[in-house]
Amino acid sequence: MISSGRTHYAAEVNDTMIGQQVRLAGWVHHRRDHGGLIFIDLRDRTGLIQIVCEPDNAGFDVAYRVRSEYVLGVTGVVRARPEGMVNAELASGQVEVVPSEVILYATAKTPPFNVTDAKLVDETLRLKYRYLDLRRPELTANLILRDRSLMAIRQFFHRHGFLDVETPALARSTPEGARDFLVPTRIKPGHFYALPQSPQIFKQLLMVGGLDRYYQIAKVFRDEDLRADRQPEFTQIDVEMSFVDQEQVLDLMESMLHDLFKAVLGERLERFERMTWHDAMRLYGSDKPDLRSGPPLCTLTDVARTLDWPVLREAQAVVGFTLRNYRPSRRELDQWGQQARELGANGLLWLVHETDGLRTSASKFLSSQDLARLADAAGSEPGDAVLIVAGQGWHPYEVAGQLRLSFARQAGRVEPGWRFLWVTEFPLFEWSEEEGRFVSAHHPFTRPVSEDEVLLESNPAQVRSQAYDVVLNGIELASGSLRIYQPELQARVFDVLGLSRDEAQAKFGFLLEAFQYGAPPHGGIAFGLDRLLMLMAGADSIRDVIAFPKTARGTDPLMDAPSTVDPSQLRDVHLEIRK
RNA sequence: GGAGGCGUGGUGUAGACGGCCUAACACGCAUGCCUGUCACGCAUGAGAACACGGGUUCGAAUCCCGUCGCCUCCGCCA
């Protein structure tokens, strides 16, 4: 079970093993020298165990010289700790090991930061010495969580008849979507591979290939700016299935997550909630609502129509939300007002609902009757406050949705728990102002809702898609759809996207051609594994669940990547750096 | 591309109303003492010119400008 250098890990040694000889190996976590009696806390990936050296023990001389992070092999006998000396914090705290031999495998320089200290140091330094950072129990635990999760996920898919198929990392650049990482090659001057943003097209081709059920734990790459939950390379749980409807995909993926949480965290999840995209926008001003952060928004447009104040009366949409039982300070109201303006709103209207009446930022413009009607429509009661945003389209919803999240965080009203949600019926297209055309909301292979197909040419903005997202606590975890498998329908969608037949042929011809040889109805989904693990681990950034992540600027302080290359390498791939 | 925050011994922080700072505290490190500790204890000691460059000033860690690095957010991420 364990290689010859040791018989047990630290956390495995316990009071059932008293009198037994064990071989342990690990790093010196702490050394406590009592002058003649030396304790060493030996650390491996499972935890700590106390080694006790008295002057007549073998290995005392080694123990005497040992410093933090030295690497030791210890052979010795397990014994019970004396009365009252048990350490309840340690798995092995009932016992200690008296060595008969201590091997010093390696000495260590004093580390640039304290591995044993829970206090976090500068992240760049941690990344530069990531191998030291990984020794910290939290990070070790996160990687163990990652391993356990991958195991549970693979078992689930295996059990359900999925095949793990690898797809190329050297693929071709496709239009739409994120910026590609390009890979030049000796073989064809001026031509580039692209690293996949997702295995999307390959998995669809696998369905045409009759593989029926595919999954892959796939590395994918996007050359875009980074965030706490975005890295230039990250891992997807990529899934595709043939001959399924949306309901079957949702059901199966939900049970995958149920299994995962049960197996790894011992958590029993509730059935996921469901919401259409339209409702998500209307009720939360977001396509990834955080259901933990208090009550939804309310649309006040109808009431606003009846008011005297033109700013509200003539606004296309008026949206409010109620701060239950909360009396905001002037400063908070100003701050939210500023946030609203930063998000592009013209302003923020607030009402504070006192027991003896309503205070408002717009007392000059709204009669007390009007105020009462607004407050009433927002469902507010004495002791509450209401924030109201007016504007066009979904914008006031989005602003109000942001304010809702800010308020919940500030006021400590984010409830604990795992609030999973399926968001469905995303629009098929979004209008892109900068490109002056419709672009795919999900991707160009997404299947429209059947009854909306007739609207493709007449009213593309109204077409709903058979696309769905998994949202957990306000974070998008997965995104998927049923795909188009009829070449004619695909051609119509390309038309809406403004992709000419020739362009479509040039860029996706291979896919269109494949669909002419008998494509099954199919659909799938892709999970952001790192985000999922981040939430499971309670981490603030996906960097904490990735062994060797990059900084927010995309650099790797450990290897110092990206780097310049030798001119001869550039010549090989027919590139010249523009000065 | 934009906004904000941060950058002080090995680490984490304090100092920031400019002079009391030839920079403080804790951890770590070194040396010594200590046979039951587990963030061991005690004593002694070494270690930074305050990210870098420029400016203001009699005088700058402390004010101003720029550069670099890191973090967060917006844009971007089908």
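Definitions and cut-offs
Residues numbered from 1 in each chain as written. Chains lettered and ligands numbered in written order. Predicted model: local features only at pLDDT ≥ 70, side-chain atom pairs only at ≥ 80, totals over all residues. Heavy atoms only, no water. Core = buried A, V, L, I, M, F, W, Y, C linked by side-chain atoms within 4.5 Å. Buried < 20%, exposed > 50% of the residue type's maximum accessible area, 1.4 Å probe, protein only. Helix = DSSP H or I, 4+ residues; strand = E, 2+ residues; numbered from the N terminus. Domains from an automatic or database assignment. Contact = heavy atoms within 4.5 Å. Pairing = 2+ DSSP bridges. Axes fitted to C-alpha atoms, helices over the stretch in contact; angles between N-to-C directions. UniProt positions renumbered as here; feature names shortened; annotations may be inferred. Buried area = accessible area lost by both parts, 1.4 Å probe. Salt bridge = Lys/Arg side-chain N within 4 Å of Asp/Glu carboxyl O. Polar contact = N/O pair within 3.5 Å; in protein donor to acceptor, adjacent residues only side chain to side chain. Near = heavy atom within 4 Å. Nonpolar A, V, L, I, M, F, W, Y, C, P; charged D, E, K, R; others polar. pLDDT = per-residue confidence, 0-100. Patch = residues over 30% accessible without salt bridge, like charges linked within 9 Å, V, L, I, M, F, W, Y side chains within 5 Å. Areas by Shrake-Rupley, 256 points an atom, 1.4 Å probe, with all protein chains shown as cover. Parallel < 35°, antiparallel > 145°, perpendicular 65-115°, else oblique. Left-handed = near helix turned anticlockwise from the far one by under 90°.

## Some words on the nonpolar core
Now for step 1: Judged by nonpolar contacts, the single largest core of 42 residues is most densely connected at Phe157 and Val470.
Now for step 2: Ranked by the residues each element gives to this core, the list is headed by helix H6 (residues 246–265), at 8 residues.
Now for step 3: Split by domain, this core shows at least three residues from each of two domains, domain 2 (137–269 + 527–572) and domain 4 (420–525).
Now for step 4: Residues in contact with Val470, not counting those within four places in the same chain, are Leu257, Phe272, Phe420, Leu421, Trp422, Ile475, Glu476, Leu477, Ala478, Ile525 and Phe527.
Now for step 5: Residues Val13, Val62, Val78 and Val97 belong to the second largest nonpolar core, which totals 23 residues.

## A word on helix H16 (residues 529–537)
Now for step 1: In terms of burial, H16 is largely enclosed, as 7 of its 9 residues are buried.
Now for step 2: Taken together, the buried positions of H16 are occupied by Leu529, Asp530, Leu532, Leu533, Met534, Leu535 and Met536.

## Examining the sheet that holds strand E22 (residues 522–528)
Strand pairing in a sheet relies on backbone hydrogen bonds. The paired strands run either parallel or antiparallel.
Now for step 1: The mixed open sheet is built from 8 strands, whose spatial order is E6-E9-E10-E22-E21-E20-E17-E11. Strands at the two margins of the open sheet, each flanked by one partner only, are strand E6 (163–164) and strand E11 (273–276).
Now for step 2: Against the sheet, helix H4 (residues 137–159) makes contact with E6, strand E9 (213–221) and strand E10 (233–242), and its axis sits at roughly 150° relative to E9, the strand it touches most.
Now for step 3: Contacts from H16 reach E9, E10, strand E20 (467–472), strand E21 (475–482) and E22 within the one sheet, and its direction differs from that of E21 by about 140°.

## Here we look at the environment of Pro82
Now for step 1: Relative to the elements of secondary structure, Pro82 occurs in the loop between strand E4 (71–80) and strand E5 (95–106).
Now for step 2: Since its relative accessible area comes to 44%, Pro82 is described here as partly exposed.
Now for step 3: A sequence separation of 222 residues divides Pro82 from Ala304, and the C-alpha atoms of the two residues are 76 Å apart.

## Description of the UniProt feature "site: Important for tRNA non-discrimination" (unreviewed entry) in chain A
Now for step 1: The feature "site: Important for tRNA non-discrimination" (unreviewed entry), as given by UniProt, occupies His34 and Gly84 in the numbering adopted here.
Now for step 2: Counting through the fold element by element, His34 comes out in the loop between strand E1 (21–33) and strand E2 (38–44).
Now for step 3: On the accessibility criterion, His34 (54% relative accessible area) is exposed.
Now for step 4: Secondary-structure assignment places Gly84 in the loop between E4 and E5.
Now for step 5: The class of Gly84 is exposed, set by a relative accessible area of 72%.

## Details of the domain arrangement of chain A
Now for step 1: Domain boundaries in chain A define domain 1 (10–106), domain 2 (137–269 + 527–572), domain 3 (293–410) and domain 4 (420–525).
Now for step 2: Between domain 2 and domain 4, the residue contacts involve 34 residues of the former and 36 residues of the latter.
Now for step 3: Between domain 2 and domain 4, the buried area comes to about 3000 Å², and carbon and sulfur atoms account for 69% of it.
Now for step 4: It is Glu176, Gln204 and Gln246 that lose the most area in domain 2 upon contact with domain 4, and together they represent 20% of the buried surface on that side.
Now for step 5: Note that Arg483 is salt-bridged to Glu240, the shortest N-O span being 2.7 Å.
Now for step 6: Our count for the domain 2 to domain 4 interface comes out at 11 residue pairs in polar contact (both at pLDDT 80 or more).
Now for step 7: When residues of the side of domain 2 that touches domain 4 are traced back to their parent elements, those giving at least two are helix H5 (200–208), E10, H6, E22 and H16.

## Examining the UniProt feature "domain: Aminoacyl-transfer RNA synthetases class-II family profile" (unreviewed entry) in chain A
Now for step 1: In this structure's numbering, the residues bearing the UniProt feature "domain: Aminoacyl-transfer RNA synthetases class-II family profile" (unreviewed entry) are residues 152–549.
Now for step 2: Along residues 152–549 the backbone is 33% helical and 23% strand, and the end-to-end C-alpha distance reaches 23 Å.

## Points about the protein's contact with RNA strand B
Now for step 1: If you check the shell around RNA strand B, you find 49 residues, and the closest are Asp33, Gly35, Glu96, Pro112 and His442.
Now for step 2: Contact between RNA strand B and His34: a sugar or linking oxygen at 3.3 Å from a side-chain N or O atom of the residue.
Now for step 3: Interatomic distance of 2.9 Å between a side-chain N/O atom of Arg227 and a base nitrogen of RNA strand B.
Now for step 4: Residues belonging to the surface near RNA strand B are distributed by class as follows: 14 nonpolar, 17 polar and 18 charged.

## A word on the pattern of salt bridges
Now for step 1: Considering all chains together, one arrives at 42 salt bridges under this definition.
Now for step 2: A single network of salt bridges, built from pairs that share partners, joins Arg126, Arg130, Asp133, Arg136, Glu138 and Asp544.

## A closer look at the environment of Gln231
Now for step 1: Structurally, Gln231 is set in the loop between E9 and E10.
Now for step 2: With residues near it in sequence (within four places) discarded, Gln231 still touches Leu226, Ile542, Arg543, Ile546, Pro549 and Lys550.
Now for step 3: A distance of 2.8 Å separates a polar atom in the side chain of Gln231 from the backbone nitrogen of Lys550.

## Considerations on the confidence of the model for chain A
Now for step 1: Here chain A averages 92 in pLDDT, while 99% of its residues score no lower than 70.
Now for step 2: Element-level mean pLDDT values for chain A span from 83 in helix H10 (residues 330–342) up to 98 in E6.
Now for step 3: Confidence estimates for the predicted assembly give a pTM of 0.94 and an ipTM of 0.92.

## Here we look at a nonpolar patch on the surface
Now for step 1: A grouping of Tyr131, Phe548, Leu558 and Met559 is seen on the molecular surface, where their side chains present a nonpolar patch of about 450 Å² in accessible area.
Now for step 2: With respect to the helices, strands and loops of the structure, Tyr131 is situated in helix H3 (residues 130–133).

## Here we look at the packing of helix H14 (residues 487–496) against helix H15 (residues 501–515)
Now for step 1: Remark: H14 packs on H15, axes separated minimally by 11 Å, with the N-to-C direction vectors making an angle of 155°. On the basis of their axis angle, the class for H14 and H15 is roughly antiparallel. For the pair H14 and H15, the crossing hand works out as right-handed. Where H14 abuts H15, its residues Pro487, Gln490, Ala491, Phe494 and Asp495 lie against Arg501, Ala504, Phe508, Leu512 and Phe515.
Now for step 2: Residue composition of the contact of H14 with H15, by class: 7 nonpolar, 1 polar and 2 charged.

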